[in-house]
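# Survey of secondary and tertiary structure
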Amino acid sequence: MRDDDTGRRVGRIVEVEAYIGADDRASHARFGRTARTAPMFGPPGHAYVYLVYGMYDCLNIVTEPDGRPAAILVRAVEPLEGVETMRAARAALHAARRRARPASANGTRIAPRPLPDHRLASGPGLVAAAFGIDTGWTGTDLCRPGSPLRLEAAPPGESAPDVRSTPRIGIAYAGSPWTERPWRLVIAGHRSASGPATLR
DNA sequence: AGTTGGATGGTCT
DNA sequence: GACCATCCAACTG
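Our subject in this report is the structure included herewith. Note that the structure is predicted; figures quoted are calculated from it, not measured.

## Some words on the pattern of salt bridges
Under the defined criterion, the tally for this structure stands at 13 salt bridges. Ionic pairing is found between D117 and R87, a salt bridge with its closest N-O pair at 2.5 Å. Pair noted here: D117 is in the loop between α1 (83-100) and α2 (124-131) and R87 is in helix α1, with a separation of 30 residues, a long-range link. A residue is classified by how much of its surface remains accessible, and D117, at 38% relative accessible area, is partly exposed. What makes R87 partly exposed here is its relative accessible area of 26%. For the salt bridge of R150 with E152, the shortest nitrogen-to-oxygen distance reads 2.6 Å.

Set out below in structure tokens:
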């Protein structure tokens, strides 16, 4: 959840990916400890946020003890509270993208279908956009009570979700066996998971 | 419903 | 100078 004067935003993490160790050829840590990846080397429970494709920020949770590079990429979140704040935060991104692309050849533009609440944060770049997270959040303690950005336990009594594992997304460059490692974890069939409906 | 190409800038060789 | 832990509009069928 994000809990500060920008508006309280709460969501349930429904999809993550694990990047573990310097030998993981899909991990940023494959280059060793650099200025960018230093946060991955610990301490655990803190945020590692990076910019990808020049436009999208991605939120990671550092996992292993100090000195060992590992993190969990938060790929999708089910919005629970602060939906309007998330929508507004995403609007800025939308506007920027629309500016970047010229109108179609005949000049018409089809109005995009309104985005349903459950799809507001269904992708790693969208999670960061909806929660207003950028690289400046790197190092934030996500486990400290009262932190403006933090993890909370699931509500007590909530039944354990049906979690499925698949290969990780967008890492073809890593090669075998890293491309096949089943280190993407999703709540089975969840409508807020990333990707087209047919792949959820 | 599935595919394609472009935006965009930090990071690493 | 090449690549990229992405996303969406605009295509095709």
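There is more to say after this.
## As for the packing of aromatic side chains
Note on aromatic pairs: each is described by the distance of the centres and the angle between the planes. What the rule picks out here adds up to 2 aromatic pairs. Their ring planes at 35° and their centres at 5.6 Å tell us that Y48 and Y50 sit as a pair that is tilted. Accessibility assignment for this pair places Y48 and Y50 in one class, buried. Ring plane angle 55° and centroid distance 6.4 Å describe the contact between W178 and W183, whose orientation is recorded as tilted. For W178, a relative accessible area of 12% gives the class buried. The class for W183 is partly exposed, based on a relative accessible area of 24%. Positioned above the aromatic ring of W178 is the side chain of R181, whose terminal nitrogen or guanidinium carbon lies 5.1 Å from the ring centre.

## Some thoughts on the nonpolar core
The nonpolar side chains of a soluble globular protein tend to be buried, and buried together. Of all hydrophobic cores here, the largest spans 18 residues; its most connected members are L59, F131 and I133. Of all elements in the fold, only β2 (47-52), β3 (56-62), β4 (70-81), α1 and α2 reach the threshold of two or more residues within this core. Counting residues per element, this core draws most heavily on α2, at 4 residues. Non-local contacts of I133, meaning those with residues more than four positions away in its chain, are made with V49, D57, L59, A128 and L149. The next biggest cluster of nonpolar side chains, apart from the first, holds 14 residues, and it includes F41, L73, A174 and W178.

## Quick word on the side chain of D24
With respect to the helices and strands, D24 occurs in the loop between β1 (10-20) and β2. On the basis of relative accessibility, which here comes to 0%, the residue D24 falls in the buried class. Looking at D24, its side chain comes within polar contact range of the side chain of R168, at 2.8 Å. Residues within four places of D24 in sequence aside, it is in contact with A18, Y19, R30, R168, W178 and W183.

The rules behind each value
Residues numbered from 1 in each chain as written. Chains lettered and ligands numbered in written order. Predicted model: local features only at pLDDT ≥ 70, side-chain atom pairs only at ≥ 80, totals over all residues. Heavy atoms only, no water. Salt bridge = Lys/Arg side-chain N within 4 Å of Asp/Glu carboxyl O. Helix = DSSP H or I, 4+ residues; strand = E, 2+ residues; numbered from the N terminus. Buried < 20%, exposed > 50% of the residue type's maximum accessible area, 1.4 Å probe, protein only. Phe/Tyr/Trp six-rings, centres within 6.5 Å; stacked < 30°, edge-to-face > 60°. Lys NZ or Arg CZ within 6 Å of the ring centre and 35° of its normal. Core = buried A, V, L, I, M, F, W, Y, C linked by side-chain atoms within 4.5 Å. Contact = heavy atoms within 4.5 Å. Polar contact = N/O pair within 3.5 Å; in protein donor to acceptor, adjacent residues only side chain to side chain.

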